[in-house]
Amino acid sequence: MKNDTFKLGGKEFSSRFILGSGKYSLELIKAAVENAGAEIITLAVRRTNTKDTENILDYIPDNVTLLPNTSGARDAAEAVRIARMARELGCGNFVKIEIMKDGKYLLPDNVETVKATQILSDEGFVVLPYMYPDLYTARDLQRAGAAAVMPLASPIGSNKGLATKEFIQILIDEIDLPIIVDAGIGKPSQACEAMEMGAAAIMSNTAIATARDIPAMAGAFKDAINAGRRAYLAGLGRVLERGAEASDPLTGFLRD
């Protein structure tokens, strides 16, 4: 596992846990990052307001890569503007594209997401688009220059788990980019399952932010993600279509 890394934008990461920061109180962010072992953390650009007495950037360890998101964008133009603003604020070239027009279900607008991905990748951004798991859109995002694809597991903030499991598996099987499962993962066991499927990484926020013990839950997710990755690399055992098969042959021991 020591050499089991993945690359994004020319950077190499050993942790496959991307931590969200949207619902944390500032004093818990550093503890959660340290317990999670995360090397990437997302943040909303609005939380980097340097006029405030407390700035989220002051609570994120220096060795962690910032992944500003375009939360609040309703179309590609707004997402591009937010991404450029984040770069000017010193957040770097990584950006997570989030474009949502609907305030009830918060489903990403795949069409506008592809447009924003094309513009920002052409400008040198490392673009990680949040999207509804659709094979055609994923292919369009790859052609547009996305560094990874981030399909939702279930509605954002719902903690409902892998509701789109079959569609995510299609992306893992067919898209030659890291597939980072995002949104809706509510339990460490669900994160483990996604990693067993072959996901490159897990992005989680609400499941940890709403836990009774945030640092402890961050650590539980870290362990589950690592376990799922090890299981995937080991190769999961086959599943019988029907019937059963004894671990030890019983022929000659019991009556045939």
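Residues numbered from 1 in each chain as written. Predicted model: local features only at pLDDT ≥ 70, side-chain atom pairs only at ≥ 80, totals over all residues. Heavy atoms only, no water.

### Looking at the pattern of salt bridges
Evaluation of the coordinates by the stated rule reveals 10 salt bridges. The shortest N-O distance in the salt bridge between Asp109 and Lys101 comes to 3.2 Å. Since its relative accessible area comes to 56%, Lys101 is described here as exposed. With its nearest N and O atoms 2.4 Å apart, the salt bridge here joins Arg143 to Asp140. Here Arg143 and its partner Asp140 are both found in helix H4 (residues 135-144), 3 residues apart, which amounts to about one turn of the helix. Here Asp140 falls in the partly exposed class, since its relative accessible area comes to 31%. What you see here is one network of salt bridges that share partners, running through Asp4, Arg16 and Arg229. (Salt bridge = Lys/Arg side-chain N within 4 Å of Asp/Glu carboxyl O. Buried < 20%, exposed > 50% of the residue type's maximum accessible area, 1.4 Å probe, protein only. Helix = DSSP H or I, 4+ residues; strand = E, 2+ residues; numbered from the N terminus.)

### Topic: helix H6 (residues 188-197)
Burial of H6 is extensive: 7 of the 10 residues sit out of reach of the surface. Those residues of H6 hidden inside the fold are in contact with helix H5 (165-174), strand S9 (180-182), strand S10 (201-204) and helix H8 (214-234). Looking one or two residues beyond H6, the residue adopting positive phi is Gly198, at roughly 110°. (Contact = heavy atoms within 4.5 Å.)

### A few points about the packing of helix H2 (residues 76-88) against helix H3 (residues 110-122)
Look at H2 against H3: their axes get within 8 Å of each other, and the N-to-C directions meet at 40°. In terms of their interaxial angle, H2 and H3 are classed as oblique. As for how H2 packs across H3, the hand of that crossing is right-handed. Mapping the contact onto sequence places Ala76, Ala79, Val80, Ala83 and Arg84 in H2 and Glu112, Lys115, Ala116, Ile119 and Leu120 in H3. Taken together, the residues that form the contact of H2 with H3 break down as 7 nonpolar, no polar and 3 charged. (Axes fitted to C-alpha atoms, helices over the stretch in contact; angles between N-to-C directions. Parallel < 35°, antiparallel > 145°, perpendicular 65-115°, else oblique. Left-handed = near helix turned anticlockwise from the far one by under 90°. Nonpolar A, V, L, I, M, F, W, Y, C, P; charged D, E, K, R; others polar.)

### Remarks on the confidence of the model for the chain
On average, residues of the chain score 87 in pLDDT, and 91% of them are at 70 or above. Confidence scores differ between elements of the chain, with helix H1 (residues 26-36) showing the lowest mean pLDDT of 76 and H4 the highest of 97. (pLDDT = per-residue confidence, 0-100.)

### Considering the environment of Lys101
Position of Lys101 among the secondary structure elements: in the loop between strand S6 (94-97) and H3. The spacing of Lys101 and Glu112 is 11 residues in sequence and 10.0 Å in space, taken between C-alpha atoms.

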